[in-house]
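In case you want the letters, here they are:
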Amino acid sequence: MIIVTVPTSKGGIRRKHHRAWTLSEVMKLVEGVSRYGAGRWSEIKRLAFASYSYRTSVDLKDKWRNLLKASFAHIPSDKGVNSRKNAATMPIPEPILLRVRELAERQSQVPPNLTSGKEAGSSGSSAVAAKIKRDGDNREDQRNGSRDGSKPEKKATDYHLGQLKAKIAKLRTQLLEPPKVLQKARDVGDRYNASPVYVLILYCAVLFQGMIGSSSKAMMVIAVSKSSDIVLMVLDTSKSEGHQQILTRELEAVGLCLTKRPPQIYFKKKKTGGISFNSTVPVTHVDEKLCYQILHEYKIHNAEVLFREDATVDDLIDVNEGNRKYMKCIYVYNKIDVIGIDDVDKLARQPNSIVISCNLKLNLDRLLAKIWEEMGLVRVYTKPQGKQPDFTDPVVLSADRGGCSVEDFCNHIHRSLVKDVKYVLVWGLSARHYPQHRGLGHVLQDEDVVQIVKKKVMNA
DNA sequence: ATTAGGG
DNA sequence: CCCTAAT
């Protein structure tokens, strides 16, 4: 950490701390904004930056402002590969800036100094951006009820495809291999067009053994991967068998854990009281003394630690480092048409795996079904009072992004809604009888229908 | 206590 | 990164 002293206007002296933002911090911030929305800084701080005691919510806000500026200032020159040599500050990888811009556009945050576009006749990217913006506005209108006779599903699909294409187009310039599975992405969009879900599929033929951690391009792929919903590791069945383990291990080394749950360790810093170490199950890898030593390393002397599983030392460290990302992953074994049936059978029986052939279009529908199933998405339809449920535009929830409770559902509709809710009426799998009265804590299931009953507003 | 915005 | 005004 650097501390410089600067003179203040009144002749005094003030200490100014500076701690450079690491890439993983930036990625966490971007993820936080995508999850909770720009402006909810203290929430992001609490939920995503719990382990970084420096970085106040204001810091996050400032950093986001800088990122926003950077992303809009820099993107127009996206033809060349990072041609900005004069960037004295740490260069933020392009994919991250893209994501920043995308989020900004989705939340209709446009930097004030970019009202008249300079990139008038240039590449398709501005057109795409404009289209995305337009469609976004349309969606907003539809939600507000002013719906005309057009087909919303088609528009939604266009919207997703537009975003996918924009993303992929930008990435294409950086990745060695063109995204060959674009077609598959389109299939996903068509089949599940009722849901605003973003599936970004990177064709990761570019990730080779030994590349992760040493190649900046590979790191960018990983940076983007971390903010997506699921990872599909596409493996060539006809090549060596070890690729899956090697890639998984290499990804783990850079903080991306596939097909694993986060360690079940409750950890809370305290002001006082020393370290209390407890467990709900017998622990064999860690004892109180070891725990104390580790926390001492992090200069933590007061905390409550509760092991909910027989976790290892590494797990405890991960909890403290807090820079690991646990992601769902499906291992997709491609080219099963060129190997023997016994081998196919063996691969298909492995956990989190599916076998396909792009060439012969084998098993692709099962892959889609599996993606859907793994993501654990919960579509909830809204039902206005006294009207039919709206089955065209579900609110999509999942345990990974915010949770599936009624409260989460309300927050998806509008941030301020939750405090006005008296109770909700639920139809569907999660309801015992129809309709069932439930509160904010109720956990919803896929295809439930919910009607919100608001508290009576007392007027003075 | 938190946030937006100017510095 | 810091500060202040506004909520």
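As a reminder, the structure under discussion sits directly above these lines.
Residues numbered from 1 in each chain as written. Chains lettered and ligands numbered in written order. Predicted model: local features only at pLDDT ≥ 70, side-chain atom pairs only at ≥ 80, totals over all residues. Heavy atoms only, no water.

Structurally, Thr 248 is set in helix α9 (residues 243-253). In this structure Thr 248 comes out as buried when scored by relative accessible area, which is 13%. Residue contacts for Thr 248: discarding those within four places in its chain leaves Met 233, Leu 258 and Tyr 331. (Helix = DSSP H or I, 4+ residues; strand = E, 2+ residues; numbered from the N terminus. Buried < 20%, exposed > 50% of the residue type's maximum accessible area, 1.4 Å probe, protein only. Contact = heavy atoms within 4.5 Å.)

Around DNA strand B lies a shell formed by Gly 39, Arg 40, Trp 41, Ser 42, Ser 57, Val 58, Lys 61 and Arg 65. Atoms of DNA strand B within 4 Å of the protein: sugar and phosphate make up 48%, bases the balance. A distance of 3.5 Å is found between a phosphate oxygen of DNA strand B and a backbone nitrogen or oxygen belonging to Gly 39. Residue Ser 42 places a side-chain N or O atom 3.1 Å away from a phosphate oxygen belonging to DNA strand B. Those elements that provide at least two residues to the surface near DNA strand B are α2 (41-48) and α3 (57-74). When residues in the surface near DNA strand B are grouped by element, the largest group, 4 residues, is from α3. Its residues placed into classes, the surface near DNA strand B shows 2 nonpolar, 3 polar and 3 charged. (Near = heavy atom within 4 Å. Polar contact = N/O pair within 3.5 Å; in protein donor to acceptor, adjacent residues only side chain to side chain. Nonpolar A, V, L, I, M, F, W, Y, C, P; charged D, E, K, R; others polar.)

This paragraph deals with the packing of aromatic side chains. As enumerated under the stated definition, the model contains 5 aromatic pairs in all. With centroids separated by 5.9 Å and ring planes inclined at 80°, the aromatic side chains of Tyr 52 and Tyr 54 adopt a geometry described as edge-to-face. According to the relative accessible area criterion, Tyr 52 is buried, its value standing at 9%. Residue classification places Tyr 54 among the partly exposed residues on the basis of a relative accessible area of 28%. Measuring from centroid to centroid gives 4.8 Å for Tyr 381 and Phe 391, while their planes differ by 65°, and the two rings are edge-to-face. In this pair, Tyr 381 sits in strand β11 (residues 378-382) while Phe 391 sits in strand β12 (residues 390-397), placing the two residues 10 residues apart along the sequence. For Phe 391, a relative accessible area of 49% puts it in the partly exposed group. By the ring-pair criterion, three or more aromatic residues cluster together here, those being Trp 21, Phe 49, Tyr 52 and Tyr 54. Stacked on the ring of Tyr 54, the Lys or Arg Arg 19 has its end atom at 3.7 Å from the ring centre. (Phe/Tyr/Trp six-rings, centres within 6.5 Å; stacked < 30°, edge-to-face > 60°. Lys NZ or Arg CZ within 6 Å of the ring centre and 35° of its normal.)

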